[in-house]
Amino acid sequence: MSNTVFTFGGNAPHSDPRQKDKAVTGGKGANLAEMASIGLPVPPGFTIATEECLRYLNEGGDFSDDLRAAVAEALTHIERTVGKKLGDASDPMLVSVRSGARISMPGMMDTVLNLGLNDETVQGLASISGDERFAWDSYRRFIQMYGDVVLGIDHGLFEEALEIAKEDNGFYTDTEMSAADWQALVGEYKRIVSEELGHDFPQDPQEQLWGAIRAVFDSWDSERAKVYRRLNDIPHDLGTAVNVQAMVFGNMGDTSATGVAFTRNPSTGEKAYYGEWLVNAQGEDVVAGIRTPQYLTRTAREEAGAEKPSMEEAMPDAYAQLADTFELLERHYKDMQDIEFTVERGKLWMLQTRTGKRTAKAALKLAVDMVDEGLIDERAAIKRVDPMALDQLLHPTLDPDAPRDVLTTGLPASPGAASGKIVLDADTAERMAGQGESVILVRVETSPEDIHGMHAAKGILTARGGMTSHAAVVARGMGRPCVSGASAISIQRDARTLSIGARELKEGDIITIDGANGQVMAGEVATIEPELAGDFGTLMEWADKHRRMKVRANAETEADCRMARQFGAEGVGLCRTEHMFFDAGRISAVREMILADDEKGRRGALAKLLPEQRSDFEAIFSVMAGLPVTIRLLDPPLHEFLPHDDGDFEDLAKATGRNVDQLKRRAAELHEFNPMLGHRGCRLGITYPEIYEMQARAILEAACAIEGEAPVPEIMVPLVGTRRELAIIKKLIDDTADAVFEEKGRRLDYLVGTMIELPRAALMAGEIAEEGEFFSFGTNDLTQTTLGVSRDDAGRFLTTYVEKGIYARDPFVSLDVEGVGQLVEMAAETGRQTRPDIKLGICGEHGGDPASIAFCEQVGLDYVSASPYRVPIARLAAAQASIV
């Protein structure tokens, strides 16, 4: 049986390769072992492997005898290294218990500090440290954290007791509390525990330890952790490791401190140390936003106009050692690091390092700069940037010249800008966003329980907390603008109002936040389009150099095509012609065509639509000159174009000269019980060939009208399930093309192909390829028809399916590789066997999903097509898929 408990620090061996495998010991455990092995000052400890978490969760929440024995032995390693014992009343060893998943999930799982304190050991800690205030402060912190995390007591009860104690003494900050004050508060905290649970706070350190380990394992299945994993596409079956480590103390007076730092600026990517610290505090004070911390560097303090000294100024020796450690870690990991540290009576200790969360702008700058510095190469830079993060860069930002009614300024915690209605809790944010409202979540400070509201909000604003607080870290990871530490904000929760200075605002009022400079503004501020040059342009050049697949755009208007070209699209992969029919100036002719009783009537209506369609295609071809443009012939069932209310029927009656009852009767005849599988797609072209004839003529006449470099029309027949269907419609298109070319005195190349969106089409692809010159996989409908699931109705149960592991991800967001993917692979293979030069692409929503793009590369498709804003994402993802 493999070892599942690994020691680090002191003289612990680090020879087992599993210890540095993040799948086994989690990111935190693997990095602690790595830091210890390269000689950095890491407090000794041990890591319990993720497999023990999974065993615990799967086997009813108990610990094996083997695990208990291994933990006892590992605990002895810590005791020998620090020369203290857990539970020793005269000189107690204290430990921290922290989670550490394979993929970083900041703030989502649980931590307990100062474990081992009780009514006896607190006296020993006071005696050995010579600091009663520190000892009682540590004990009250432990009771509060253990009570919340392990015992399940509302942390607000402890916070309220602390605030009352400060008010009674006339104190403003925690640091004004004396040893006696903390001791009295410990008594109050213990009373809260007894009152809430009906028993006393646990005094046995072994009971405390196993309670904390249990809580960390349980936190993997907490609701907030599940939500975070779902939002970030993290598998639910990884489990978390547990890290137990000797405590070092940042709250032992003015020569002690704690902090969180990044080796470069995670918001901008600038090569400058970025972080915060607090004197006489513990790490949770910084990351939880309980106190607004001080700046790490003198430069940052001066730029912010802050008065309290930076660490560089107040603790120059410890800061210099920290700066050396930054350089060492960045060279070692070849990436920006996010570091937690503690200074105990002047000595620096490293508590964690991990690859730092960053904004898209920072990710680009870091990748490009590190190539320039020779730290990584182009291929590593391409792999380094999350394609989905580029979405942050492709949307408007605040216009610097627009008028701003600035209410207050906080800390610029996560860049970008957002306007929306004020909401004061996460549930309201989620509900209002679900109704289509743009909202700004405003909190005193956020907690992990707010994760769903943070995701729903356009931006986040907090009254407390710094630039490394929970709100800031999570917002940066999500790409949400965030302003933190806006201390002028006072929230009245009961009244659902807030005040900023003399200004009173209520929930529902609109505000704007600018995460780049920390400004909070009343009302909505105008925006400008993004600039796509500099680091973005450099990385895209590298991506284009290294990718094999082409990237096209789904676009059906001239504006969409221009935007797609701006974002680097190499053609149109899907032009949905039905969208053109819904135009207010055309819908009457479309309805006239549908409701006509015979072919003559339909052709009369289609004659009105022909010049409109031709004009549409000319505009698209002029933008996409020389590039392929795949145009899908009319696909949806005809009833979608019909009027639904009496007013529309009356307007149509006036336009057609028919009475309302006749029109309603004809509409009723077209009604279908399951229109998705009804009279749509190529079935329309078979029964009403004049529709597709008009569209083919419009396409080809438009192509002939383009001067200069000719477009390459690819006419796509939808919903084909048999070779014969495609053969009939292809002949119609070819005959129309011959007629158009003769009339125009010009011939040009065009292709006729089909969308593979039915399982039968995928199974018969070899036969269909005898007629089709290209296949475009319509994975939206192919997923629906393969899974037997309606995309429009699946929202009621798909989340549950993903949570229960039935599907790894929502199959309409990321391709179901095992099922639908097998059909795509089969169709590509048999299609090529029949027609070796057949062009293969994908045009469903999956064309902009990085995981689906990786599958397309594996299958050998020629291109992917995505919405214009997702074209850069697809370009980068295609490059990453090409790099082995």
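Look above for the structure.
Thresholds applied
Residues numbered from 1 in each chain as written. Predicted model: local features only at pLDDT ≥ 70, side-chain atom pairs only at ≥ 80, totals over all residues. Heavy atoms only, no water. Helix = DSSP H or I, 4+ residues; strand = E, 2+ residues; numbered from the N terminus. Rg over C-alpha atoms; globule rule 2.2 N^0.38 Å. Buried < 20%, exposed > 50% of the residue type's maximum accessible area, 1.4 Å probe, protein only. Contact = heavy atoms within 4.5 Å. Areas by Shrake-Rupley, 256 points an atom, 1.4 Å probe, with all protein chains shown as cover. Pairing = 2+ DSSP bridges. Axes fitted to C-alpha atoms, helices over the stretch in contact; angles between N-to-C directions. Arc of directions from axis to C-beta. Salt bridge = Lys/Arg side-chain N within 4 Å of Asp/Glu carboxyl O.

With respect to the overall build of the protein chain
Argument step 1. Looking only at helices and strands, the protein chain has 35 helices and 33 strands in total.
Argument step 2. By the compact-globule yardstick of 29 Å for 884 residues, the protein chain fits well, its C-alpha radius of gyration being 32 Å.
Argument step 3. Overall, the C-alpha framework of the protein chain stretches about 100 × 65 × 55 Å when taken along its three principal axes.
Argument step 4. When the 884 residues of the protein chain are sorted by exposure, 57% land in the buried category.
Argument step 5. A fraction of 69% describes how many contacts in the protein chain between residues 6 or more apart in sequence connect residues 24 or more apart.
Argument step 6. Of the roughly 35,200 Å² of accessible surface on the protein chain, 47% is carried by carbon and sulfur atoms.

Quick notes on the pairing of strand β16 (residues 417-423)
Argument step 1. In terms of burial, β16 is largely enclosed, as five of its seven residues are buried.
Argument step 2. For β16 and strand β23 (residues 510-514), the ladder comprises five bridges, and the chain directions are antiparallel. Residue pairing in the sheet places A417 in a bridge with D514 of β23.
Argument step 3. Across three bridges, β16 lies against strand β17 (residues 439-443) in parallel orientation.

Overview of the sheet that holds strand β29 (residues 712-717)
Argument step 1. One closed barrel accounts for eight strands, arranged β26-β27-β28-β29-β30-β31-β32-β33; its pairing is parallel. Each adjacent strand pair in this sheet contributes to an overall mean axis angle of 25 degrees, direction not counted.

Some words on helix α2 (residues 50-58)
Argument step 1. Regarding α2, the residues found buried are T50, E52, C53 and Y56. Projection of α2 onto a plane perpendicular to its axis shows the buried side chains occupying an angular sector of 155 degrees, all on one side.
Argument step 2. For α2, the secondary structure elements touched by its buried residues are α1 (22-37), β2 (45-48), α3 (65-82), α8 (205-219) and β7 (240-246).
Argument step 3. Of the residues trailing α2, G60 is marked for its positive phi of about 90 degrees.

Concerning the pattern of salt bridges
Argument step 1. In the structure shown here, the tally under the stated rule is 62 salt bridges.
Argument step 2. The partner of D781 in a salt bridge is R680, with the nearest N and O atoms 2.9 Å apart. Placement of the pair is D781 in helix α31 (residues 779-787) and R680 in the loop between α25 (660-669) and α26 (682-687), with a sequence separation of 101 residues.
Argument step 3. When its relative accessible area of 12% is taken as the criterion, D781 is described as buried.

What to know about the environment of D862
Argument step 1. Note on placement: D862 falls in the loop between α34 (850-859) and β33 (863-866).
Argument step 2. Ignoring anything within four residues of it in the chain, the contact list for D862 reads R548, M549, K550, I838, K839 and L840.

Section: the pairing of strand β8 (residues 257-262)
Argument step 1. With six of six residues buried, β8 is to be regarded as a mostly interior element.
Argument step 2. Alternating residues of β8 divide into A257, G259 and A261 and T258, V260 and F262, and every residue in both groups is buried.
Argument step 3. In this sheet, strand β9 (residues 274-279) lies alongside β8 in antiparallel orientation, the contact comprising six bridges. By the bridge assignment for β9, A257 is matched with V279.
Argument step 4. In this structure, β8 lies alongside strand β11 (residues 337-344), joined through six bridges in antiparallel fashion. The partner of V260 across the bridge, within β11, is E340.

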